[in-house]
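These are the residues of each chain, in order.
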Amino acid sequence: MTFYSPVLTNAKEIAGHDKLHLFEFVEDEKQYQLKRYLKHGGYAAWKTVLGKMKPEEVIEEVKKSGLRGRGGAGFPTGMKWSFVPKDSPKERYLCCNADESEPGTCKDRVLMERDPHVVIEGMAIGAYAIGCHLMFCYIRGEFHHCIERIEKATEEAYSKGHLGKNIYGSGYDLEMIIHTGAGAYMCGEETGLLNSIEGEKGMARIRPPFPAIEGLWECPTIVNNVESLAAVPHIINRGADWYRSMGTEKSAGTKLFSLSGHINRPGNYEVELGFSLQKLIYDSNYGNGISDGKKLKAVIPGGVSTPFLTPDKVDVPLDYESLTEAGSMLGSGGVIVLHEDTCIVWTILKLIKFFRHESCGKCTPCREGTGWLEQIIQKIEDGRGGPDDLEKLDSICGNILGRTICPLGDAAVMPIQSTLKDWRDEWLYHIEHKKCLVKQDFGF
Amino acid sequence: MILSEKTVKKIREKASKYPKRKGAILPSLTLAYKQLGYVDNEIYIEISEVINVPQLEIAEAASFYTMFPKKPRGKYLLQVCNNISCALLGADAMVDRLEEKLAIKRGETTDDGLFTLISVECLGSCCTAPMIQINDDFHENLTREKLDKLLESLKNGK
Ligand SMILES: Cc1cc2nc3c(=O)[nH]c(=O)nc-3n(C[C@H](O)[C@H](O)[C@H](O)COP(=O)(O)O)c2cc1C
Ligand code: SF4
Ligand code: FES
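## Describing the overall build of chain B
Secondary structure assignment for chain B yields 7 helices and 4 strands. Its helices and strands taken in sequence order, chain B reads α-α-α-α-β-α-α-β-β-β-α from the N to the C terminus. With the C-alpha coordinates aligned to their principal axes, the bounding extent of chain B is approximately 50 × 30 × 25 Å. Sorting the 158 residues of chain B into buried and exposed places 54% on the buried side. Sequence separation of at least 24 residues holds for 61% of the intrachain contacts in chain B that already meet a minimum separation of 6. With the model as given, the accessible surface of chain B reaches about 7400 Å², and the carbon-plus-sulfur share is 49%. Computing the positive centroid from 23 side-chain charges and the negative centroid from 22, chain B places the two 5 Å apart.

Following this line, the structure appears as structure tokens:
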């Protein structure tokens, strides 16, 4: 088996496109092998960087490109790198966040399985930019095949001198460790990830200090998402201006979107930022409409941590600013589509169960609050809801939002709040009639 | 020693790469789990001797992660994703069907020790939902027919 996952991508449509790039070779069955990767221009950027560029120049180029973090928060990548203190006598570390655990998101996995070297090359360039000689790839433990691919690719990279001592005769040494997770959403959160590498429970750390100042073993550390790092070799090869020419003014470049749920063509699609969500859902080259000819009820645009969009808000460009304006977030790019026969209460119950289970328990509002929310929502779902339950939910959500150590608390309540606002009638119906407003039947 | 020589060697190799000893805790637990299918106190003690980290610290870390069960499970570990993208496409019904076919509830193991069924959170296969992970392998885009066939072939030891 060449491809582990049968997931659909738009690589074929991208072939020959001068802009889209992350998915250019992901339908090539041999792209995961070093030989094929080199044939497609692999490690050229790494050579350029080591041969001709100073670390500051690399950071400058990435800053100029406008690349922003693809892990969820959208923080400018070059700027994050520049926070690493130049004069610190400590070691520096770079961690590639390959935890891919935000429900609705399955894009990093495609890159790791099918184009693992581009991830390694991006990590290497990032490492050089911050003066790091030991970098980590943190992959969730369930991804056995990704782990295998990245392991093989790393071995190959070492054996041909792309990693290791004195790379390309430049005098630069760089080692890589693949660290696998063990089933915890919190280890995708950057400080949980650092604790997990250190051999601790994957709980969040209080910031400041930020990881760029004090991360792994109290040394400056950069955590970047797989997709962010995979864009870096392309930026070096083709230049910041080329990258900037894609996307919008403030959201440059392309982004991978995972389209799932009630959709005719679920899959992973690379598009320029600013691409229409409406088009992604309905165009026959992408989602090709809602499944079973049903009507749209809601879209969760950026993974389960982001507020739901009502159908009238779906005509929105997929970029950081526009989605914020529409009341949601771009998040990780996990677009989940719900058709008309989906119960909002049932959906929210799924999500809150997840967040309650994954709460690391470090801070009270999230640890206790997610439990209370689950109890009340379960009660409503079971037809035992009371007249003041919605006010209780409003109040608990309000008391969690903005009062937690890490963003998981906010992530748990923002989707709930959005449905309490936009689908309040449906919540009320559920309480009054002790059943769903819609006839939901997700048979199998 | 319950850990095999091979596992111990692998643990030593991996541990030598980490700047601090405790970094080797998760990789060691993972390697031990790979060999045994569980990790318990006895194993923490063995790991502790190999990587020179107090047993308590190993136990503490292990307790946080769902992938280090203390008891062995069935020969085939069936993990059904029950998160939203899979649930929208019938994951709940799929778990019901598995419970019925295997005559166990989620969390349980069949009497012959062949199957353990658990429902888990998102496995990063949302665009190929519904899905199930069986040991190391993902089975995606499942239908009732595909699932039944899969179960049959496992029962027949293929
Ligand atoms: C609960 C939680 C889970 C997260 N999971 C992931 C993840 O699986 N992958 C990821 O790249 N970022 C995840 N993040 C975001 C990271 O904390 C961090 O912002 C990101 O890895 C930074 O990389 P970037 O700047 O390249 O986006 C998560 C955040 C939170 C709060
Ligand atoms: S918000 Fe939740 S997950 Fe984050 S630190 Fe607090 S308890 Fe842990
Ligand atoms: S929701 Fe099932 S794999 Fe993501």
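Once the structure has been displayed, the description carries forward.
## Remarks on the site of ligand 2
Ligand 2 sits among 13 residues. The nearest are A:Cys360, A:Lys362, A:Cys363, A:Cys366 and A:Cys406. Classifying every residue of the shell around ligand 2 by side-chain character gives 8 nonpolar, 4 polar and 1 charged.

## Description of the pairing of strand β1 (residues 76-81) of chain B
All names here are of chain B. Buried residues dominate β1, accounting for 6 of its 6 residues. Along β1, one buried face is formed by Tyr76, Leu78 and Val80 and the opposite face, lined by Leu77, Gln79 and Cys81, is buried too. Note that β1 and strand β2 (residues 115-120) share 6 bridges and pair parallel. From the neighbouring strand, Leu78 faces β2, where its bridge partner is Leu117. Across 3 bridges, the pairing between β1 and strand β3 (residues 132-134) is antiparallel. If you follow Gln79 over to β3, its bridge partner there is Gln133.

## Examining the domain arrangement of chain A
All names here are of chain A. Domain annotation for chain A reports domain 1 (31-244), domain 2 (254-339) and domain 3 (344-433). Spacing between the C-alpha centres of domain 1 and domain 2 amounts to 27 Å. Contact with domain 2 buries area across many residues of domain 1, yet Arg70, Glu102 and Lys107 alone supply 33% of it, more than any other trio. Counting across the domain 1 and domain 2 interface gives 2 salt bridges. Here Arg68 makes a salt bridge to Glu321, at a shortest N to O gap of 2.9 Å. Applying the counting rule to domain 1 against domain 2 returns 13 residue pairs in polar contact (both at pLDDT 80 or more). Its residues assigned to classes, the side of domain 1 that touches domain 2 comprises 6 nonpolar, 6 polar and 5 charged.

## Brief notes about unusual backbone geometry
Geometrically, the link from A:Pro208 to A:Pro209 is a cis peptide bond, its omega value of 0° lying close to zero. Along the chain, A:Pro209 turns up in the loop between α9 (190-197) and β4 (221-225). In this structure, B:Pro130 follows B:Ala129 across a cis peptide bond, with omega equal to -5°. Its location among the elements puts B:Pro130 in the loop between β2 and β3. The phi angle at A:Asn166 is positive, at roughly 45°, despite the residue not being glycine. For A:Asn166, the location among the structural elements is in the loop between α8 (144-159) and β3 (175-180).

## A short note on the nonpolar core
General note: in soluble globular proteins, nonpolar side chains tend to be found buried as a group. Residues and elements named next belong to chain A. By size, the foremost hydrophobic cluster in this structure holds 88 residues, and its most contacted members are Phe136, Phe355, Leu373, Ile377 and Trp427. Considering every element that reaches this core, the biggest residue donor is helix α14 (residues 344-358), with 9 residues. The next biggest cluster of nonpolar side chains, apart from the first, holds 81 residues, and it includes Leu67, Cys132, Val232 and Met246.

## Re the pattern of salt bridges
Taken as a whole and judged by the stated rule, the model has 32 salt bridges over all chains. Two residues, B:Lys22 and B:Glu57, come together in a salt bridge whose shortest N-O distance is 3.5 Å. Note that B:Lys22 is positioned in the loop between α1 (5-15) and α2 (25-36) and B:Glu57 in helix α4 (residues 55-64), a separation of 35 residues in sequence. Exposure remark for B:Lys22: the relative accessible area of 23% places this residue in the partly exposed category. Here B:Glu57 falls in the partly exposed class, since its relative accessible area comes to 30%. One continuous salt-bridge network, built from bridges that share partners, spans A:Lys107, A:Asp108, A:Glu227 and A:Lys255.

## Some remarks on the environment of B:His139
Residue and element names in this part refer to chain B. Relative to the assigned elements, His139 resides in strand β4 (residues 137-139). Exposure remark for His139: the relative accessible area of 22% places this residue in the partly exposed category. For His139 and Lys9, which are 130 residues apart along the polypeptide, the C-alpha to C-alpha distance reads 32 Å. Setting aside anything within four residues of it in sequence, one finds His139 in contact with Pro130, Met131, Ile132, Ile134 and Leu150.

## Comments concerning the side chain of A:Thr419
If you trace the backbone, A:Thr419 turns up in helix α17 (residues 408-422). Residues contacting A:Thr419, with those up to four places away along its chain left out, are A:Phe308, A:Ile344, A:Ile348, A:Arg424 and A:Trp427.

Cut-offs used in this document
Numbers given for residues are sequential positions, taken from 1 along each chain in its written order. By the order in which they are written, chains take letters starting at A while ligands take numbers starting at 1. Residue-level local features of this predicted model are given only where pLDDT is at least 70; pairs of side-chain atoms are given and counted only at 80 or more, and the full residue set underlies all totals for whole chains, interfaces and linings. Values shown for side chains rest on all heavy atoms present in the structure; no hydrogens or waters enter the calculation. Where helices and strands are cited, they refer to DSSP runs of H or I of at least four residues and of E of at least two residues respectively, numbered from the N terminus. Only protein chains enter the calculation, and the probe is 1.4 Å; a residue is then buried if its accessible area is under 20% of its type maximum, exposed if over 50%, and partly exposed in between. It only takes one pair of heavy atoms within 4.5 Å for two residues to be counted as in contact. Here, Shrake-Rupley sampling with a 1.4 Å probe gives the accessible areas, and only protein chains in the shown set may cover a residue. Charge counting follows a simple rule: Lys and Arg are positive, Asp and Glu are negative, and His as well as the terminal groups are ignored. A charged residue contributes its charge at one atom only: NZ of Lys, CZ of Arg, CG of Asp or CD of Glu. A molecule or strand has a residue near it when one of that residue's heavy atoms lies within 4 Å. Throughout, the ten residues Ala, Val, Leu, Ile, Met, Phe, Trp, Tyr, Cys and Pro are labelled nonpolar, Asp, Glu, Lys and Arg are labelled charged, and all others, Gly among them, are labelled polar. For two strands to pair, DSSP has to find at least two bridges joining them. An automatic or database domain assignment provides the domain bounds reported here. Two parts placed together each lose some accessible area under a 1.4 Å probe, and the buried area is that loss summed for both. A pair is scored as a salt bridge if a Lys or Arg side-chain nitrogen falls within 4 Å of a carboxyl oxygen belonging to Asp or Glu. Polar contacts, as used here, are pairs of N or O atoms within 3.5 Å; protein pairs need one atom able to donate a hydrogen and one able to accept it. Residues neighboring in sequence count only if both atoms are side-chain atoms. Among buried residues, the Ala, Val, Leu, Ile, Met, Phe, Trp, Tyr and Cys ones that are joined through side-chain atoms within 4.5 Å form a nonpolar core.

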